[in-house]
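What follows is the residue order along each chain.
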Number of protein chains: 2
Amino acid sequence: MKEMVSGFSKKTKAEKAQWVAETFASNPAQTLEVFKTYTHPDPKVQELHDEFIENTLANYYLPFAVAPNFLIDHKVFAIPMVIEESSVVAAASKAAKFWADKGGFHTKIVGTEKVGHVHLNYFGPSEKLFAFFEAQQAAFEEALKPLTASMKKRGGGIRSLQLVDNTHKLEGYYHIALSFETKDAMGANFINSCLEQLAHDFSTKANEAFSAEEAPEVVMSILSNYVPHCTVRAWVSCPLEQLAYEGVDGATFAKKFCRAVAIAQAEPYRAVTHNKGIMNGIDAVVIASGNDFRAVEAGVHAFASRDGQYRSLTKAFITKTQELHFELEVPLALGTVGGLTALHPLVKQALDILGRPSAEDLMRITAVAGLAQNFAAVSSLVTTGIQKGHMKMHLLNLLNAEGASAEEKEALVAYFKDNTVSSAAVKQALNRLRQ
Amino acid sequence: MKEMVSGFSKKTKAEKAQWVAETFASNPAQTLEVFKTYTHPDPKVQELHDEFIENTLANYYLPFAVAPNFLIDHKVFAIPMVIEESSVVAAASKAAKFWADKGGFHTKIVGTEKVGHVHLNYFGPSEKLFAFFEAQQAAFEEALKPLTASMKKRGGGIRSLQLVDNTHKLEGYYHIALSFETKDAMGANFINSCLEQLAHDFSTKANEAFSAEEAPEVVMSILSNYVPHCTVRAWVSCPLEQLAYEGVDGATFAKKFCRAVAIAQAEPYRAVTHNKGIMNGIDAVVIASGNDFRAVEAGVHAFASRDGQYRSLTKAFITKTQELHFELEVPLALGTVGGLTALHPLVKQALDILGRPSAEDLMRITAVAGLAQNFAAVSSLVTTGIQKGHMKMHLLNLLNAEGASAEEKEALVAYFKDNTVSSAAVKQALNRLRQ
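Rules used throughout
- Residues numbered from 1 in each chain as written.
- Chains lettered and ligands numbered in written order.
- Predicted model: local features only at pLDDT ≥ 70, side-chain atom pairs only at ≥ 80, totals over all residues.
- Heavy atoms only, no water.
- Helix = DSSP H or I, 4+ residues; strand = E, 2+ residues; numbered from the N terminus.
- Contact = heavy atoms within 4.5 Å.
- Phe/Tyr/Trp six-rings, centres within 6.5 Å; stacked < 30°, edge-to-face > 60°.
- Buried < 20%, exposed > 50% of the residue type's maximum accessible area, 1.4 Å probe, protein only.
- Lys NZ or Arg CZ within 6 Å of the ring centre and 35° of its normal.
- Buried area = accessible area lost by both parts, 1.4 Å probe.
- Salt bridge = Lys/Arg side-chain N within 4 Å of Asp/Glu carboxyl O.
- Polar contact = N/O pair within 3.5 Å; in protein donor to acceptor, adjacent residues only side chain to side chain.
- Least-squares fit on C-alpha atoms with pLDDT ≥ 70 in both.
- Domains from an automatic or database assignment.
- Pairing = 2+ DSSP bridges.
- Axes fitted to C-alpha atoms, helices over the stretch in contact; angles between N-to-C directions.

Engineer: A description of the side chain of His 274 of chain B should follow, citing residues and the corresponding values.
Structural biologist: By the element assignment, His 274 of chain B lies in helix H8 (residues 268-288). Those residues in contact with His 274 of chain B that lie beyond four places of it in its chain are Val 261, Ala 264, Ser 312, Thr 314, Asn 374 and Val 378 of chain B.

In structure tokens form, the structure reads like this:
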């Protein structure tokens, strides 16, 4: 089959692009031309981007934007956000401004514990495994010291290391659970290296101490992206009378708002989309800061289901003193050193614009972006509905999809100030204009 | 405070960039220069990207790469992947090649149902609400017809519409649940427009039929990203004797592999990272194809927790006929028309390289990318460990972070063929080379 290829990864970037275009594209010359225009003008910078991963053909663009006027713990930020979805940055900016004169956003780091496991099979008597582990634990810890020395200098390292019996979950399943403090690093490579070292030492000692049939066996060693003790809390609060929103008085607005959040606590179909909106804000900062959004997403949504039902990550209530309190607690294992943070030129700029934050600072800022996003979404939902604002923001995309000229765009942006935007309405209005 | 700003969204792109740089950057001129170099050479194309969202300052790069040799339902694909993490594309390519001569990947669309809800408060007698709803249902459906006409022409539309009593979840909470078929569109705007129309009609009729105190009240109307009936299944299978992997014989490898997946079924700490690896593959295709990864992530992880415990999305077992069967079922609400698919030049190329897939085709391809990723990750974990391959792939990033020259990179890539890669080892080796 002509579509199969050998030694692809060994080809040059140009050869790869050419093979892909000629084998799969409907217009190979055009495909190659598009790839070429999505290239950085400086070949050194382009090489850097090419080497992030394997088989790179071009630079995919996501908009790098900024949401200003965030007052967080009494300091003002303009938050860099990388996201392709219309209206997210506009909504964040609107929420930021709304809360700036009401005391702004407040945050608290609840914990910074990261975790990893050496997963084991063992079918002998449990006491024997625990006795072996206790006898060897000090030696295991000692053997990890060369790996943890530099992290220790920065105030981090391994915080605990224990054997856990999980046979109630799965027959013969134990793991060694480690907890880590990794300071300003996200720590994945550090944690995995420690775990693999421990797994190696454990296997060696276990093979000496147990018979071949009975010896515990390492299945795998890997960090966990489930970090329920690496969380940050962000909240806003203000008296109801300051809460008038889109023509709705403060007390009524607060009641509607709290009810919408309560529904997202009770109903998974709503909770998923509610939390998706929070992640619109969170991921936008995660990507801008060079962190791994799949890791954050997995940890956050698992956290949302931790009590056995998938629920809202935010809660909202009216206090006895007639204030609205609106709060998000979310697990965020982020880094501001290592990984892409030291490599991607726009990540460096994003971190600089944020005042070169520590990992804890970045947790705070990121959680606030999520809370702001949720405030904006729920506020729209319980007042004007979500489509009005969203479709206004999406209008330029709809016009661009129809190939509207600059003059046509100007005319129709004006027209849609007082008319409902929809894909069909845009097509109609454009046709009228062109007749 | 100088860091607060009014009318920011009304400024030009250049004015925004200048204000941000001057107010927050440590070296404003440098920040502006970096933004400028991350600009498309064609001003028309740049304008298109700027208008995706609000307050755009630059184009953020993610690598656009391709993983070749995917045999899916007897057809060969090179899958475009957009991802910043080292080794994901390499792992996908390796898994693709491994399975290509074992029958490749197989898929099945289980369902394509999308859903949305009008969420209601109602504290009167339940029968009265249901009686009202039954009496009005035909009129509600009739009023939606102008909105659904064009979708109906394409074979889609509203599939069902029913009132649901949720008062066991939350006092006074009902919703109108709608299910939709949106064909090749992801359908978010279509669904939300239908829901808001229905909410409007429902309110109007309810205010006529009920007293002011008793009338049901619309809290909000919105689609759900929880789509447990919009799923695709992807699987591979082959006789154990063909499964030798990294020096481990097929039967042993399959046993270790199935055990690792069983642990991810039983243990949430493992399940989260296991599924995160699946999402490395899935999100890379979701982004390349112009879809919304936050929507997919939220739906997928909620699906993983649907039985009350967060679990692996894949399962693996050895059949009676001594074959390994490895399978993923995952909810994926994707579109191949509308949204960014018609706008982003690289998304257009990605879809073209994939043969201009229908939404169902794209579900199949995306699920396969997730399954391949999981196969590669678990295979590494139970044989060589994850760090060896990952750090080799990450080596160029570590060298770039240290400012290595082309000659230094060449020398050290050769050196690390036989030596363990770590951040510290790279620094040491580079220092030796420079002495």
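Engineer: With reference to specific residues and values, describe the packing of aromatic side chains.
Structural biologist: If you walk through the whole model with that rule in mind, you get 56 aromatic pairs over all chains. For the pair Phe 98 of chain A and Tyr 245 of chain A, a centre-to-centre distance of 5.4 Å together with 65 degrees between the ring planes defines the contact as edge-to-face. You can see Phe 98 of chain A sitting in helix H4 (residues 88-100) and its partner Tyr 245 of chain A sitting in the loop between strand S8 (231-239) and helix H7 (250-266), a full 147 residues away along the chain. For the pair formed by Phe 98 of chain A and Tyr 245 of chain A, the shared burial category is buried. Three or more aromatic residues joined by ring pairs form one cluster here, namely Tyr 122, Phe 130, Phe 132, Phe 133, Phe 140, Tyr 174, Phe 202 and Phe 210 of chain A. Directly above the aromatic system of Phe 8 of chain B lies the positively charged group of Lys 16 of chain B, at a separation of 5.9 Å from the ring centroid. For the cation-ring pair, Arg 294 of chain B lies above Phe 293 of chain B, with the distance from its terminal atom to the ring centre recorded as 4.7 Å.

Engineer: With reference to specific residues and values, describe the interface of chain A and chain B.
Structural biologist: Of the residues lining the interface, 142 residues belong to chain A; the matching set on chain B comes to 142 residues. Between chain A and chain B, roughly 12,300 Å² of surface is buried when both sides are summed, and carbon and sulfur atoms account for 62% of that area. Three residues stand out in chain A for area buried against chain B, namely Tyr 60, Tyr 269 and Arg 294 of chain A, and they jointly supply 8% of the buried area on that side. The tally of links between chain A and chain B comes to 14 salt bridges. For Asp 292 of chain A, the salt bridge identified is with Lys 276 of chain B, shortest N-O distance 2.8 Å. For the interface between chain A and chain B, the tally reads 60 residue pairs in polar contact (both at pLDDT 80 or more). Counting residues per element, the side of chain A that touches chain B draws most heavily on strand S1 (residues 56-72) of chain A, at 13 residues.

Engineer: Account for the relation of the copies chain A and chain B, naming residues and giving values.
Structural biologist: If you rotate chain A by 180 degrees and push it 0.0 Å along the axis, it lands on chain B with an RMSD of 0.0 Å. Both copies of the chain, as the preceding transformation shows, are related through a two-fold rotation axis. Residues of chain A ranked by C-alpha distance from the rotation axis are headed by Gly 308 of chain A, positioned 2.1 Å from it. Mapped onto chain B, 100% of the interface residues of chain A again fall at the interface, so both copies present the same surface.

Engineer: Describe the domain arrangement of chain A, with residues and values.
Structural biologist: Domain boundaries in chain A define domain 1 (13-50), domain 2 (64-110 + 228-384), domain 3 (114-223) and domain 4 (390-434). For domain 3 of chain A and domain 4 of chain A, the distance between their C-alpha centroids amounts to 60 Å.

Engineer: Go over the sheet that holds S1 of chain A with me, naming the residues and quoting the values.
Structural biologist: Strand order across the open sheet formed by four strands is S2(A)-S1(A)-S1(B)-S2(B), with antiparallel pairing between neighbours. Looking at strand neighbours, the two that pair on one side only are strand S2 (75-82) of chain A together with strand S2 (75-82) of chain B, the edges of this open sheet. Taken pair by pair, the neighbouring strands of this sheet meet at an average axis angle of 30 degrees, ignoring direction. Across the sheet, helix H8 (residues 268-288) of chain A lies against S2 of chain A together with strand S1 (56-72) of chain B, angled at about 85 degrees from S2 of chain A, the strand it touches most. In the packing of helix H10 (residues 345-353) of chain A onto the sheet, the strands contacted are S1 and S2 of chain A together with S1 of chain B, and the crossing angle to S1 of chain B comes to about 140 degrees.

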